[in-house]
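Structural overview for review
What follows is each chain in one-letter form.
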Amino acid sequence: MDSKKFFGSKITVVLGALLCCALWGSATPFIKIGYNLMLPSRDVASTILFAGTRFFFAGLITIALYSVARRKILVPKKENWSKIAIISSVQTVIQYVFFYIGLANTSGVKGTILSGSNAFFSMLVATLVFRQEKFTLKKLIACIIGFAGIVLINLDGLELNINFFGDAFVLFSSIAYAFSSVLIKRYSKYEDPVVISGYQFMIGGLFMVIVGKLCGGNIVVTDAKSVGVLAYLAFLSAIAYSLWGVLLKHNPVSRVTIFCFMIPVFGVLLSKLMLTETTSVSNINIVITLILISVGIFMINYGADKKQNE
């Protein structure tokens, strides 16, 4: 079975996308724990430095593991460095500067719920802005159903007012993610998506480290727990984004990114288990949300093998 057939199959898309979303959902509580362990002060510079350190090491891990697997040091083609720089600026720098600052100013539960809106934004950007796919009624209804689940889970025990530097920044990061998804699909025609992920992480991460340090940021990594949290965050990014890039290369953007509605479900469950925060979401709302999200995912994937360009 060739890679296009394997990564384009329904079972691979479902299992691969769910794995990525579970990893991303786990990032929120681990980032919150990292704030407490490694940031003496919650200033913006230290937050950016923390994010940059994570993604620089994520890039190193991605390239190292993939180079070992391919038995050669992987370097992007000369003509593709500019493409990688563009993706790095949108996906790693813009997306995660907004996300890390936003998450520092909102709860883990609410932050991960709001980040689920990236599936809706991705569909709009892919169909209406870049015209990579057809805009269909089925896709619109699927995203509305999935987004309804996000709204429902947001109604229980959570404030409805929007905190600009918290909630709004998380939404801005979702918009940046939407643009990065379609750019990865476009540029993966010219370069291996795993190579793109690795190098864009390193470039973006190094940029954020430099900016964070120049602005007086400081992180403290002195014990095994801090090292473990940072290592986990780096590895999850390396694995999730590399696999996600491969899935985007071989499938329509909306077929893959609809699974992003699952990130809040994983994130909420793990945040409730790992964090002690005042906000809460009832179990019944989580169940109903999961059902709504599953319906949206099924609608996007039903018949997808026959109509890949819908």
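Residues numbered from 1 in each chain as written. Predicted model: local features only at pLDDT ≥ 70, side-chain atom pairs only at ≥ 80, totals over all residues. Heavy atoms only, no water.

Bringing the overall build of the protein chain into the picture now. Broken down by element type, the protein chain carries 13 helices and 0 strands. In the protein chain, the order of α-helices and β-strands from amino to carboxyl end is α-α-α-α-α-α-α-α-α-α-α-α-α. Out of the 310 residues belonging to the protein chain, those deemed buried represent 56%. Within the protein chain, contacts between residues separated by at least 24 positions form 89% of all contacts whose residues are at least 6 apart in sequence. (Helix = DSSP H or I, 4+ residues; strand = E, 2+ residues; numbered from the N terminus. Buried < 20%, exposed > 50% of the residue type's maximum accessible area, 1.4 Å probe, protein only. Contact = heavy atoms within 4.5 Å.)

Here we come to the environment of Ile 263. For Ile 263, the location among the structural elements is in helix 12 (residues 263–274). Contact partners of Ile 263, with chain neighbours within four places excluded, come to Cys 21, Trp 24, Gly 25, Thr 112, Ser 115 and Asn 118.

Another aspect to go through is the packing of aromatic side chains. Per the stated rule, a full pass over the model turns up 20 aromatic pairs. Aromatic pair Tyr 35 and Tyr 100: ring centres 6.3 Å apart, planes at 80°, arrangement edge-to-face. Of this pair, Tyr 35 sits in helix 2 (residues 10–38) while Tyr 100 is found in helix 4 (residues 81–104), placing the two residues 65 residues apart along the sequence. The buried category is assigned to Tyr 35, whose relative accessible area is 0%. Arranged with centres 5.4 Å apart and planes meeting at 25°, the rings of Phe 55 and Phe 201 form a pair that is stacked. Here Phe 55, found in helix 3 (residues 44–70), pairs with Phe 201, found in helix 9 (residues 193–214); they are 146 residues apart in sequence, far enough to count as distant. Each member of the pair Phe 55 and Phe 201 is classed as buried. Every member of this aromatic cluster is reached through a ring pair, and the members are Trp 24, Tyr 35, Phe 50, Phe 55, Tyr 96, Phe 99, Tyr 100, Phe 201, Tyr 241 and Trp 244. Lying across the ring of Tyr 96, Arg 54 places its NZ or CZ 5.7 Å from the centre. The positively charged end of Lys 83 is found above the aromatic ring belonging to Tyr 190, 5.1 Å away from the centroid. (Phe/Tyr/Trp six-rings, centres within 6.5 Å; stacked < 30°, edge-to-face > 60°. Lys NZ or Arg CZ within 6 Å of the ring centre and 35° of its normal.)

Take the confidence of the model for the protein chain next. When pLDDT is averaged along the protein chain, the result is 82, and 87% of the positions lie at 70 or above. Looking over the protein chain, one finds the lowest element-wise mean pLDDT in helix 5 (residues 108–115), namely 70, and the highest in helix 9, namely 93. Counting interchain partners and residues more than four positions distant, the pLDDT-below-50 stretch residues 304–310 has 16 contacts. (pLDDT = per-residue confidence, 0-100.)

Our next topic: the nonpolar core. Counting residues in each nonpolar core, the largest one holds 76 residues, and the members touching the most others are Trp 24, Ile 31, Phe 50, Tyr 100, Leu 233 and Trp 244. Tallying contributions element by element places helix 10 (residues 224–250) first for this core, with 13 residues. Excluding anything up to four places from it in sequence, Trp 244 contacts Ala 17, Cys 20, Cys 21, Trp 24, Tyr 177, Ser 181, Val 256, Thr 257 and Cys 260. (Core = buried A, V, L, I, M, F, W, Y, C linked by side-chain atoms within 4.5 Å.)

This part is about the side chain of Thr 53. Here Thr 53 lies in helix 3. Look past the residues within four positions of Thr 53 in its chain and what remains in contact with it is Val 209, Ile 219 and Leu 230.

Where helix 9 meets helix 10, the axes come as close as 8 Å, and the angle between the chain directions of the two elements is 140°. Here helix 10 runs oblique to helix 9, going by the angle between their axes. Relative to helix 10, helix 9 is oriented so that their crossing is right-handed. Where helix 9 abuts helix 10, its residues Pro 193, Val 194, Ser 197 and Phe 201 lie against Ser 237, Ala 238, Tyr 241, Ser 242, Gly 245, Val 246 and Lys 249. Of the residues that constitute the contact of helix 9 with helix 10, the class distribution is 6 nonpolar, 4 polar and 1 charged. (Axes fitted to C-alpha atoms, helices over the stretch in contact; angles between N-to-C directions. Parallel < 35°, antiparallel > 145°, perpendicular 65-115°, else oblique. Left-handed = near helix turned anticlockwise from the far one by under 90°. Nonpolar A, V, L, I, M, F, W, Y, C, P; charged D, E, K, R; others polar.)

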